[in-house]
Amino acid sequence: MLTRPQIRAQARRSLSGNWKPAVLHFLLFMVVSSLINLVTRNIDYIGWWIGILLEAPLGYGIYNHYLDYARGNLPDANGLFRGYKRYKETFILYILSMIFTVLWTLLFIVPGIIAALRYSQAQFLLRDNPSLSPLEAISQSKQLMVGHKWRLFVLNLSFIGWGLLCILTLGIGFLWLGPYYYTSIAHFYEDLRAGHNANGNNGYLNQV
């Protein structure tokens, strides 16, 4: 298993020489997300639901866009919107993850955080294993994250300081932090997958 500094170092190597497209793509993602929020928040009653309908595939897109960078590929900007090509699966995955996380959060905040960590790899798994249903992707993510939730939690925490610095740049720094964060998360998934396969486990992960 890679350490947190090693994962972040791998992300920087993946982005080396590719920062310009990575930043521009993240800017496009932020613009689209902001436009969706701007439009839907002014629609009474159903605006929230319209926002979910439009944003759900974007979550799948942003995670897997930077998974391409982590794998040494340079995706074009259309990669951000790949979730719309699998709209049914990505929407159901978004809704199920949200419902399960909210239900655990009703018990207490900590169970909600743990639930979010357990389901965190489902977006990647749905991409790498097209035959998986959204519920199966969540189930596979839960199995993959056994013993690794704390690792991901601490990796996420390690970006808080960078986030605070980005605020001092009036938010401009997030254009660089976003790709750095998502590529690091992608390398975390790659490390989990490599460890899972190295241990001789069978299942969907071995199909990739």
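Residues numbered from 1 in each chain as written. Predicted model: local features only at pLDDT ≥ 70, side-chain atom pairs only at ≥ 80, totals over all residues. Heavy atoms only, no water.

Per an unreviewed UniProt entry, the chain goes by the name DUF975 family protein and belongs to Paenibacillus albus.

## A few points about the UniProt feature "transmembrane region" (unreviewed entry) in the chain
Let me state the cut-off plainly: UniProt positions are given in the numbering used here, feature names are shortened, and annotations may be inferred rather than shown by experiment. Working definition: helices are DSSP H or I runs of at least four residues, strands are E runs of at least two. Numbering for both runs from the N terminus.
UniProt marks residues 21–39, 45–63, 91–117 and 153–177 with the feature "transmembrane region" (unreviewed entry), using the numbering shown here. The span residues 91–117 is 96% helical and 0% strand by assignment, and the distance between its end C-alpha atoms comes to 19 Å. Summarising residues 153–177: 72% helix, 0% strand, and an end-to-end C-alpha distance of 17 Å.

## Some remarks on the packing of helix H1 (residues 4–15) against helix H8 (residues 149–157)
When two helices pack together, their arrangement is captured by the angle between the axes and the distance separating the axes. Our working rule: Lines fitted to the C-alpha atoms define the axes, with helices restricted to the stretch that makes contact. Angles between their N-to-C directions range from 0 to 180 degrees. Angles below 35 degrees are treated as roughly parallel, those above 145 as roughly antiparallel, those between 65 and 115 as roughly perpendicular, and all remaining angles as oblique. Note: crossing handedness is left-handed where the near helix turns anticlockwise from the far helix by less than a right angle, and right-handed where it turns clockwise. By definition, residues are in contact when any of their heavy atoms lie within 4.5 Å. Here the nonpolar group is Ala, Val, Leu, Ile, Met, Phe, Trp, Tyr, Cys and Pro; Asp, Glu, Lys and Arg are the charged ones; every other residue, Gly included, is treated as polar.
Following both chains from N to C, one finds H1 and H8 inclined at 60°, their axes separated by 10 Å at the closest point. Relative to H8, H1 is oriented oblique. At the point where H1 passes H8, the crossing takes the right-handed sense. Here Arg 4, Ile 7 and Arg 8 of H1 lie close against H8, whose contacting residues are Arg 151, Val 154 and Leu 155. Grouping the amino acids of the contact of H1 with H8 by side-chain chemistry returns 3 nonpolar, no polar and 3 charged.

## As for the layout of surface pockets
The condition is simple: In this analysis a 1.4 Å probe is tested at points of a 1 Å grid over the protein atoms alone, and where it fits but cannot get out there is a cavity; an open set with protein on both sides within 12 Å along at least five of seven lines is a pocket; lining residues have an atom within 4 Å of a point. Grid points are joined across faces, edges and corners, and a volume is the space filled by probe spheres set on the points.
The space that makes up the largest pocket amounts to roughly 430 Å³. Considering the residues around the largest pocket, the lining is formed by 18 residues, among which Tyr 63, Ala 116, Tyr 119, Ser 120 and Gln 123 are closest to the centre. Mapped onto the lining of the largest pocket, the elements with two or more residues apiece are helix H3 (47–70), helix H4 (87–107), helix H5 (109–118), helix H6 (122–128), H8 and helix H10 (174–198). The biggest single contributor to the lining of the largest pocket is H4, with 5 residues. Here the lining of the largest pocket is built from residues that sort into 11 nonpolar, 7 polar and no charged.

## As for the packing of helix H2 (residues 19–40) against H3
Between H2 and H3, the least distance of the axes is 9 Å, while the angle of their chain directions is 170°. Judged on the interaxial angle alone, H3 and H2 are roughly antiparallel. Across the interface between the two elements, Pro 21, Ala 22, His 25, Phe 26, Phe 29, Val 32, Ser 33, Ile 36, Asn 37 and Thr 40 from H2 touch Gly 47, Ile 50, Gly 51, Leu 54, Glu 55, Leu 58, Ile 62, His 65, Tyr 66 and Tyr 69 from H3. In the contact of H2 with H3, the residues fall into 12 nonpolar, 7 polar and 1 charged.

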